[in-house]
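Take a look at the letters that make up each chain.
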Amino acid sequence: MNEKKSKNIAELADCVRSDLPVQEIIDDFQYLIQKLDYTNRVAAVTKAIERLNDGRTYDYVAAGLRELYDIDISSQELALLLYGAKGLLPREVRCRPARQENEKAAQTE
């Protein structure tokens, strides 16, 4: 578990053990839960861009987002969402590494 997520979970636990008014605890929970969701979403988008840059398909990445982050998104929605994203390599460059790996594997067989 990453350090920020651990810190947020500890802050949530402190709210439960505190003498704060119930509404303040609820407000703190909502804020911290939103932070956790944001952190997960940032991690998911970063990982998606990394995988696409490694030559993976949008279908592969969308399946990984469902499995790892419980984000249900189609490959078409993902492509639209990430279109022009900072750090995403052009399609021609992204597909090249995967093709080279497949060629190397075929040559060794």
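None of these values were measured; they are calculated from a predicted model.

Novice: Is there a simple way to explain the overall build of the chain in this structure?
Specialist: Each helix and strand counted, the chain has 5 helices and 0 strands in total. Out of the 109 residues in the chain, the part that is buried amounts to 20%. Contacts in the chain between residues at least 24 apart in sequence constitute 49% of all its contacts with a sequence separation of at least 6.

Novice: Looking at this structure, how should I read the nonpolar core?
Specialist: Soluble globular proteins: nonpolar side chains tend toward being buried together. Within the largest apolar cluster, 12 residues are counted, these being Ala44, Ala48, Ile49, Leu52, Tyr58, Val61, Ala62, Leu65, Ile73, Leu78, Leu82 and Leu88. Ignoring sequence-local partners within four residues, the contact set of Ile73 consists of Ala62, Leu65, Arg66, Leu78 and Leu81.

Novice: Mind showing me how you'd approach the pattern of salt bridges here?
Specialist: Oppositely charged side chains can form a pair if their charged atoms are brought close together. Scanning the model with the defined rule gives 3 salt bridges in all. When the shortest N-O distance is used, the salt bridge between Arg51 and Asp54 registers 3.8 Å. Residue Asp54 is classed as partly exposed on the basis of its relative accessible area, which comes to 38%.

Novice: Would you take a moment to explain the side chain of Arg94 for this structure?
Specialist: With respect to the helices, strands and loops of the structure, Arg94 is situated in helix H5 (residues 91–108). Glu92 provides the closest opposite charge to the buried, salt-bridge-free Arg94, at an N-O distance of 7.8 Å. Among residues more than four places away in sequence, those in contact with Arg94 are Leu52, Asn53, Asp54, Gly55, Tyr58, Leu88 and Leu89.

Novice: What exactly am I supposed to notice about helix H3 (residues 58–69) here?
Specialist: Taking 1.5 Å of rise per residue, the 12 residues of H3 would be expected to cover 16 Å, and the 16 Å separating its terminal C-alpha atoms lies within 8% of that figure. Among the residues of H3, Tyr58, Val61, Ala62 and Leu65 are the ones counted as buried. Buried residues in H3, looked at end-on, bunch into an arc of 100 degrees, giving them a common side. For H3, the exposed residues set more than 90 degrees away from the buried face come down to Asp59, Glu67 and Leu68.

Novice: Which parts of the structure should I look at to understand the packing of H3 against helix H4 (residues 75–82)?
Specialist: The geometry of a pair of packed helices is captured by two quantities: the angle between their axes and the separation between those axes. Two numbers describe how H3 lies on H4: the axes approach to 8 Å, and their chain directions differ by 100 degrees. Considering the angle they form, H3 stands roughly perpendicular to H4. Where H3 approaches H4, its residues Tyr58, Asp59, Val61, Ala62 and Leu65 are matched on the opposing element by Ser75, Leu78 and Ala79. Residue composition of the contact of H3 with H4, grouped by class: 6 nonpolar, 1 polar and 1 charged.

Novice: Even after reading the chapter, I still don't get H4, so can you show me in this structure?
Specialist: At 3.6 residues per turn, the α-helix brings residues three or four places apart onto the same side. All of the buried residues along H4 are Ser75, Leu78 and Leu82. For H4, the angular spread of the buried residues around the axis is 60 degrees, confining them to a single face. In this structure, H4 carries Gln76 and Leu80 as exposed residues pointing more than 90 degrees from its buried face.

Calculation rules
Residues numbered from 1 in each chain as written. Predicted model: local features only at pLDDT ≥ 70, side-chain atom pairs only at ≥ 80, totals over all residues. Heavy atoms only, no water. Helix = DSSP H or I, 4+ residues; strand = E, 2+ residues; numbered from the N terminus. Buried < 20%, exposed > 50% of the residue type's maximum accessible area, 1.4 Å probe, protein only. Contact = heavy atoms within 4.5 Å. Core = buried A, V, L, I, M, F, W, Y, C linked by side-chain atoms within 4.5 Å. Salt bridge = Lys/Arg side-chain N within 4 Å of Asp/Glu carboxyl O. Lys, Arg positive; Asp, Glu negative; His and termini not counted. Expected span 1.5 Å × (residues − 1). Arc of directions from axis to C-beta. Axes fitted to C-alpha atoms, helices over the stretch in contact; angles between N-to-C directions. Parallel < 35°, antiparallel > 145°, perpendicular 65-115°, else oblique. Nonpolar A, V, L, I, M, F, W, Y, C, P; charged D, E, K, R; others polar.

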